[in-house]
Amino acid sequence: MTTWVLVADRLRARLLELGKDGKTLVELQDLVHPEARERLRELVDDRRGRESGEWGRQTFEPVTSPREKETAEFVREIGEALEQGLNRGGFDRLVLCAEPRLLGRLREGLPEQVSRRVEGELGKDLAAVARPEELRKRLEEVL
């Protein structure tokens, strides 16, 4: 059985494969979401509402922060990458590691066929851990 590990934060997602020895992690893909780095004011349109024409009232769009929209877009991109990997026969099992809020978004946003392969989760932000050896040690409890 082939196990992939997703280690993500809202800026970056790394896909790694657990080696056949069960001890090494090999990085397969690095997804970067630079839009999440943009300043809030660059993501928000200056016009908060528009005239409705009736009584001069202003109408507003539902409140969804630009950060939430960018996170949803990144979760969609991650889901597509995982779905492509699954369709190519790349993995049988999947382990998710992300800070708790993003982990919840991943649970909700991954394609169903990918979600069925999730066999472990860790609600920690380990995306900044550069060395696969160190990452492997930190993921010990879910691998």
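Refer to the structure printed above.
What this report covers is the structure whose coordinates are included nearby. (Residues numbered from 1 in each chain as written. Predicted model: local features only at pLDDT ≥ 70, side-chain atom pairs only at ≥ 80, totals over all residues. Heavy atoms only, no water.)

What to know about the packing of helix H2 (residues 66-87) against helix H3 (residues 100-109)
Working step 1: In the contact formed by H2 and H3, the axes pass within 10 Å of each other and the chain directions differ by 55°. As judged from the angle between their axes, H2 and H3 are oblique. By crossing handedness, the relation of H2 to H3 is classed as right-handed. Only Leu102, Arg105, Leu106 and Gly109 of H3 make contact with H2, whose side of the interface consists of Glu68, Thr71, Ala72, Val75 and Ile78.
Working step 2: For the contact of H2 with H3, the residue count by class is 5 nonpolar, 2 polar and 2 charged. (Axes fitted to C-alpha atoms, helices over the stretch in contact; angles between N-to-C directions. Helix = DSSP H or I, 4+ residues; strand = E, 2+ residues; numbered from the N terminus. Parallel < 35°, antiparallel > 145°, perpendicular 65-115°, else oblique. Left-handed = near helix turned anticlockwise from the far one by under 90°. Contact = heavy atoms within 4.5 Å. Nonpolar A, V, L, I, M, F, W, Y, C, P; charged D, E, K, R; others polar.)

Description of the environment of glutamate 140
Working step 1: Of note, glutamate 140 is situated in the segment after helix H5 (132-138).
Working step 2: Given the relative accessible area of 49%, glutamate 140 is considered partly exposed.
Working step 3: Here the alpha-carbon distance between glutamate 140 and lysine 23, two residues 117 residues apart in the chain, equals 9.4 Å. (Buried < 20%, exposed > 50% of the residue type's maximum accessible area, 1.4 Å probe, protein only.)

With respect to the pattern of salt bridges
Working step 1: If you walk through the whole model with that rule in mind, you get 10 salt bridges.
Working step 2: The closest approach of N and O atoms between glutamate 27 and arginine 14, which form a salt bridge, is 3.1 Å. You can see glutamate 27 sitting in strand E3 (residues 25-32) and its partner arginine 14 sitting in strand E2 (residues 12-18), a full 13 residues away along the chain.
Working step 3: Under the relative-accessibility criterion, arginine 14 is labelled buried at 1%. (Salt bridge = Lys/Arg side-chain N within 4 Å of Asp/Glu carboxyl O.)

Thoughts on the nonpolar core
Working step 1: Formed by 21 residues in total, the largest nonpolar core has its most connected members in Leu6, Ala13, Ile78, Leu82, Leu94, Leu106 and Leu110.
Working step 2: Elements with a minimum of two residues in this core: strand E1 (3-8), E2, H2, strand E6 (93-98) and H3.
Working step 3: Broken down by element, this core gets its largest block of residues, 6 residues, from H2.
Working step 4: Val7, Leu16, Val95 and Cys97 belong to the second largest nonpolar core, which has 13 residues in total. (Core = buried A, V, L, I, M, F, W, Y, C linked by side-chain atoms within 4.5 Å.)

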